[in-house]
Amino acid sequence: MARGAKTHGSQAIDDRNFKDKEARANELQRQGVALADWMSLHVEGSLECGSGVKIGPHVVMEGSVRLADDVSIGPYVYLRDVKVGARTDVRAFSCLEDVEIDADCRVGPYARLRDGCFLSDNSSVGNFVEIKSSKIGPGARINHLSFIGDATFENRVTIGAGVITCNYDGEKNVPTVIRQGAFVGCGTELVAPIEIGQNATIAAGSTITEDVKAGGLTVARARQVHKDDWRR
């Protein structure tokens, strides 16, 4: 009897969840939202959508989520307290928490943005990039395998693969500022607090510990040495 009653109660909950999901899906579709799989969409909080929004399967949304016109949300995306601007594409397996994104941006796949991030128009954040507590200026490119924390980027900053902002000094978070048009080469470590000047270029593999002047090329590498008589 107890077992049967439990099953009956579970069935009632399942039926209610199904009806809630169906009602939400119908309302979204009336607004012009395209749902790849409405049964797998989970919304815990408020969701506002503009026209032309596309939402892939197995998407989870919590808190307050606002999607402007023609936003595309890929499969297996997690959004919590997020505002996304028009025509922005959030690709598969990305995780966004407490984030605001302007129009015409690309995020992911496999990107993580958190803790008050702001992405300006036409920014691109690619696969396996984590951004924390940072303001990213218009036209920025951060496309591969990077960590950006407590940073401010001006317009048209380009970040190569494997770039890391060393934003914690053992006691507190410290800032990185990158001015307009700067280019940071692959595998660079930016040891904050630090400022990179306008249109500066940093060579790949550099460890930057001092402010970088505007323009020109900055190289900060140890000299490569080979020892023939060395043994393991």
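Predicted, not measured: the structure shown is a model, and the values here were computed from it.

### Regarding the environment of Arg-106
Inference 1: Relative to the elements of secondary structure, Arg-106 occurs in strand β9 (residues 106–107).
Inference 2: Overall, the relative accessible area of 23% leaves Arg-106 in the partly exposed class.
Inference 3: C-alpha of Arg-106 to C-alpha of Val-71: the two residues are 35 residues apart in sequence and 10 Å apart in space.
Inference 4: Engagement of the side chain of Arg-106 in a polar contact is seen with the side chain of Ser-124, the distance being 2.6 Å.

### Regarding the pattern of salt bridges
Close approach of charged atoms allows side chains of opposite charge to pair.
Inference 1: One pass over the full model with this rule turns up 14 salt bridges.
Inference 2: A salt bridge links Arg-80 to Asp-81, with the nearest nitrogen and oxygen atoms 3.5 Å apart.
Inference 3: We note a salt bridge from Arg-114 to Glu-130, for which the minimum N-O separation is 2.6 Å. Of this pair, Arg-114 sits in strand β10 (residues 112–119) while Glu-130 is found in strand β12 (residues 130–132), placing the two residues 16 residues apart along the sequence.
Inference 4: When salt bridges with common partners are traced through the structure, they connect Arg-80, Asp-81, Glu-97, Arg-112, Arg-114, Asp-115 and Glu-130 into a single cluster.

### A few points about the sheet that holds β9
Inference 1: One open sheet holds the 11 strands; their spatial order is β1-β3-β5-β7-β9-β11-β14-β17-β20-β23-β25, and the pairing between them is parallel. Here the strands that pair on one side only, and so sit at the sheet edges, are β1 (34–35) and β25 (217–218).
Inference 2: Of the pairings in the sheet, the one linking β9 to strand β11 (residues 124–127) comprises 2 bridges and is parallel in character. Paired with Val-107 across the bridge in β11 is Val-125.

The rules behind each value
Residues numbered from 1 in each chain as written. Predicted model: local features only at pLDDT ≥ 70, side-chain atom pairs only at ≥ 80, totals over all residues. Heavy atoms only, no water. Helix = DSSP H or I, 4+ residues; strand = E, 2+ residues; numbered from the N terminus. Buried < 20%, exposed > 50% of the residue type's maximum accessible area, 1.4 Å probe, protein only. Polar contact = N/O pair within 3.5 Å; in protein donor to acceptor, adjacent residues only side chain to side chain. Salt bridge = Lys/Arg side-chain N within 4 Å of Asp/Glu carboxyl O. Pairing = 2+ DSSP bridges.

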